[in-house]
Amino acid sequence: MGDLVVDLSTMQAVSRGVLQAAGDFRSERALSGADSGTFGSATVESAFVVSASALDAMIGSLGDDADTLGGYVTTAAEAVLRADADLARRVR
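Report follows, based on the coordinates. (Residues numbered from 1 in each chain as written. Predicted model: local features only at pLDDT ≥ 70, side-chain atom pairs only at ≥ 80, totals over all residues. Heavy atoms only, no water.)

Attention shifts here to the side chain of Asp 56. Inspection of the secondary structure puts Asp 56 in helix α2 (residues 42-91). Those residues within four positions of Asp 56 in sequence are excluded, and the remaining contacts are Ala 30, Leu 31 and Ser 32. (Helix = DSSP H or I, 4+ residues; strand = E, 2+ residues; numbered from the N terminus. Contact = heavy atoms within 4.5 Å.)

And the structure:
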């Protein structure tokens, strides 16, 4: 088995990147709120609204997932810092 290497700066960079992605997802304009009536057909307009709503839900879910992942990485990085500080205290 190899050694487990925990690189705090990498963890922090991942957390920043994931939280930025979450913000990007949150800033997406809802497609389901787009102007309707430009299709000329109620059937086509209805299909667009259903598809757009599904896409909006997926984007929201990705934002939620990114928030969760960012939280996990941040919590893990904080745990590494606490463990490192605890080990340093014990060595003194």
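This is not the end of the story, as more comes after the structure.
Take the packing of helix α1 (residues 8-27) against α2 next. The contact between α1 and α2 brings their axes to 8 Å, and the two run at 160°. Between α1 and α2, the crossing angle belongs to the class labelled roughly antiparallel. Judged by the twist between their axes, the crossing of α1 over α2 is left-handed. Classifying every residue of the contact of α1 with α2 by side-chain character gives 16 nonpolar, five polar and three charged. (Axes fitted to C-alpha atoms, helices over the stretch in contact; angles between N-to-C directions. Parallel < 35°, antiparallel > 145°, perpendicular 65-115°, else oblique. Left-handed = near helix turned anticlockwise from the far one by under 90°. Nonpolar A, V, L, I, M, F, W, Y, C, P; charged D, E, K, R; others polar.)

According to the stated counting rule, one finds four salt bridges in the structure shown. Its salt-bridge partner being Arg 26, residue Asp 67 comes within 2.6 Å of it at the nearest N-O pair. Of the two residues, Asp 67 is situated in helix α2 and Arg 26 in helix α1; the sequence distance between them amounts to 41 residues. Of the residues examined, Asp 67 reaches a relative accessible area of 33% and is grouped as partly exposed. Judged by relative accessible area, Arg 26 falls into the partly exposed class, the value being 43%. When the shortest N-O distance is used, the salt bridge between Arg 89 and Asp 86 registers 3.6 Å. Of the two residues, Arg 89 and Asp 86 are both situated in helix α2; the distance of three residues between them amounts to about one turn of the helix. Residue Asp 86 is classed as partly exposed on the basis of its relative accessible area, which comes to 26%. (Salt bridge = Lys/Arg side-chain N within 4 Å of Asp/Glu carboxyl O. Buried < 20%, exposed > 50% of the residue type's maximum accessible area, 1.4 Å probe, protein only.)

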